[in-house]
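Each chain is listed here by its residues.
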Amino acid sequence: MNVNAVFGTKACVAALRAHDFGAATFDLADITPVHRAFPAVANEDRFDLAELAIVTFLQALDAGRPLSLLPVTLLGRFQHHCLVTLDGEGRVGVDDLAGKRIGVRSYSQTTGVWVRGFLADDYGLDVRQVEWVVYEGGHVAGVQDPPQVVRAPAGAKLPKDFLDGAFDAAIMGNELPDDPRIGTVLPQPARAAAAWYARTGAIPVNHVVVARDQFIADHPELVRESCGVLAAAMPAAPRVSSMPDFYPAGFDALAPSLDLAGRYAYDQGLTSRRISAAEIRSKTEALAGVGLGRLNA
């Protein structure tokens, strides 16, 4: 049996290639960076197993796409340092954001969703009072951005526009330029992130694993085996229990992150309803016919 899959996380690719799945052979598409594959994952019946941004999955589920989440985190990190501004005259603080313009690659980009979520929860920002300047649309066909979102001119680039002072702040992760003029909007982002984690118990998860509904229903044993292989390829949980595990696996561990991501997506106008961890888990486990609360249980 041939399994069509796409993963950008190198450890996942290596693990899937190295593991003996018996009669199953994984055909791994080479699409770099992996977010270029997300529209095909969300809109086409093309990949049996895939890496996907968690917000793209929530929008796909909301839109009725036949995809289910498998509880393996492939990318998780704190996001508080990703909200940046230029130091010097015109520098904005976290209490100055209402009425400002903030650049972000896409309104549905997962990093931006997490950042807007904690800005609303912890600092009282009404995200509708910010003009969000975006450079790409979302990955799920037919889903429109809210009215406070405007598209940058064709050909414009987020890092350059930010450095040229086109807006007051920006949300950037891996695309953040190395420039001494850049400072974080939050004066102590690491401390703020630690406090957020202590209160919520959630990890700001960016990428997870998804599978076609029919693939899960047809091959539940292979799905569970794949989950175990992928989870084992991720960094192990810290031995010190007070340290965050940025790669939660199993629905028990992922529940706080899924619930919070579902609320943030709904509050920000990205989904038509609030999607819960329980709904996501119930759908996947019903298809698989087995519990996935703890992958190694």
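Below: a short report on this structure. Nothing here was measured: the structure is a model prediction, and the numbers come from that model. (Residues numbered from 1 in each chain as written. Predicted model: local features only at pLDDT ≥ 70, side-chain atom pairs only at ≥ 80, totals over all residues. Heavy atoms only, no water.)

### Some remarks on the nonpolar core
Counted only if it meets this: In this description, a nonpolar core means a group of buried Ala, Val, Leu, Ile, Met, Phe, Trp, Tyr and Cys residues linked to one another through side-chain atoms lying within 4.5 Å. For every residue, the accessible area obtained with a 1.4 Å probe (protein chains only) is divided by the maximum for its type, and the residue is called buried under 20%, exposed over 50%, and partly exposed between those limits. Each helix is a run of DSSP H or I of at least 4 residues and each strand a run of E of at least 2, with the numbering of both proceeding from the N terminus. For this analysis, residues touch if any pair of their heavy atoms sits within 4.5 Å.
Among the nonpolar cores identified, the biggest contains 93 residues, and F7, F26, L49, L97 and I280 are the most heavily contacted of them. No other element matches the seven residues that helix α9 (residues 251-267) contributes to this core. With near-sequence residues (within four places) excluded, F7 lies in contact with C12, V13, L16, L28, V34, L49, A50, E51, L74, V209 and L230.

### Some points on the environment of P66
Among the secondary structure elements, P66 is positioned in the loop between α3 (54-62) and β4 (67-76). Along the backbone, P66 and Q214 are 148 residues apart, and their C-alpha atoms lie at a distance of 7.8 Å. Those residues within four positions of P66 in sequence are excluded, and the remaining contacts are A211, R212 and D213.

### Considering the sheet that holds strand β2 (residues 25-29)
This is how it is decided: Strand pairing is assigned whenever DSSP identifies at least 2 bridges connecting the two strands. Under this scheme, a helix contributes an axis fitted over its contacting stretch, all axes are lines through C-alpha atoms, and angles between N-to-C directions fall in the 0 to 180 degree range.
Taken in spatial order, the five strands line up as β2-β1-β3-β11-β4 in an open sheet, and their pairing is mixed. Two strands bound the open sheet, and with one partner strand each, they are β2 and β4. Taken pair by pair, the neighbouring strands of this sheet meet at an average axis angle of 30°, ignoring direction. Strand direction decides the pairing type here: strand β1 (residues 2-6) and strand β3 (residues 49-53), joined by two bridges, are parallel. Paired with A5 across the two strands is L49, which belongs to β3. Packing of helix α8 (residues 220-233) onto the sheet brings it into contact with β1, β2, β3, β4 and β11 (205-212), and relative to β4 it is tilted by some 10°.

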